[in-house]
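Survey of secondary and tertiary structure
Below, each chain spelled out in residue letters.
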Amino acid sequence: MILKNPQALNEWVGKEIGVTEWFRVSQERIKQFAEATEDRQWIHIDPAKSSKESPYGTTIAHGFLTLSLISHLVKELMQIEGGMRLAVNYGSNRVRFPAPVRADSRIRARVALQALKELPDCVQAIYAITVEREQSEKPACVAEWIVRYYT
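Presented here is an overview of the structure given in this document. Per chain, residue numbering runs from 1 following the sequence as it is written. Owing to the predicted nature of the model, reporting of local features is limited to residues with pLDDT of at least 70; listing and counting of side-chain atom pairs is limited to 80 or more, with chain, interface and lining totals taken over all residues. To get the side-chain values, take all heavy atoms of the structure and skip hydrogens and water.

**Overview of the packing of aromatic side chains**
The criterion, for reference: Only Phe, Tyr and Trp rings take part, Trp by its six-membered ring, and two of them pair if their centres are within 6.5 Å. Stacked means planes under 30 degrees apart, edge-to-face means over 60, and tilted covers everything else. The secondary structure listing takes helices from DSSP runs of H or I that are at least 4 residues long and strands from runs of E that are at least 2 residues long, numbered from the N terminus. Only protein chains enter the accessibility calculation, which uses a 1.4 Å probe. A residue is then buried if its area is under 20% of the maximum for its type, exposed if over 50%, and partly exposed in between.
Following the criterion strictly, the structure yields 2 aromatic pairs and no others. Note on F64 and F97: the rings are 6.1 Å apart at their centroids and 85° apart in plane angle, and the pair reads as edge-to-face. Taken together, the positions of F64 in helix α4 (residues 63–68) and F97 in the loop between β5 (86–96) and β6 (105–118) put the pair 33 residues apart, joining distant regions of the chain. Take F64: its relative accessible area is 57%, and that puts it in the exposed class. Judged by centre distance (5.9 Å) and plane angle (35°), the rings of Y127 and W145 are tilted. Separated by 18 residues along the polypeptide, Y127 in strand β7 (residues 122–133) and W145 in strand β8 (residues 141–150) bring together distant segments of the chain.

Okay, structure coming up:
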């Protein structure tokens, strides 16, 4: 979906915008995230140990890796082509990780717009994001994501 400007989001308040394509979370991506964040817990980076000792039977993605992929997933779903200088990730509310993302599994985001507010120098959007796991009813992440579109 391509929007003319941030104000075009007005028609989506209280509605689901859509669902992204599936995205594979590889063991290599998990390893790179572990290196970047200095979080090298074995449950993320040691497939042999995880297959024997983890309750999940394999390595899993960091919750924060899943959360960080939201901006990429949403960008794949919708783009705002004009009417702003830049978009800024302003933060998140009520983030939860109900279920793990196993290495080499696929996720997607279900995106709804909860609120849109005009501020003096920007338009602030609050999205309700549910990161779904393939072949699972329980989501990997549920969050309110705040984006500011500076005009």
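Back to the text.
**Some points on unusual backbone geometry**
Here the phi dihedral of D104 falls at roughly 70°; this positive angle occurs in a residue that is not glycine. In this structure, D104 sits in the loop between β5 and β6. The backbone of Q135 sits at a positive phi, close to 60°, despite the residue not being glycine. If you trace the backbone, Q135 turns up in the loop between β7 and β8. The exposure class of Q135 is exposed, given its relative accessible area of 81%.

**Examining the environment of A103**
Under the convention used in this document: Working rule for contacts: check all heavy atoms of both residues, and any pair within 4.5 Å makes them a contact.
Positionally, A103 belongs in the loop between β5 and β6. For A103, a relative accessible area of 14% gives the class buried. The spacing of A103 and S26 is 77 residues in sequence and 5.5 Å in space, taken between C-alpha atoms. In this view, A103 contacts V25, Q27, I30, T58, T59 and I60; residues no more than four positions away in its chain are not counted.

Don't take any of this as a statement about function, it's just geometry.
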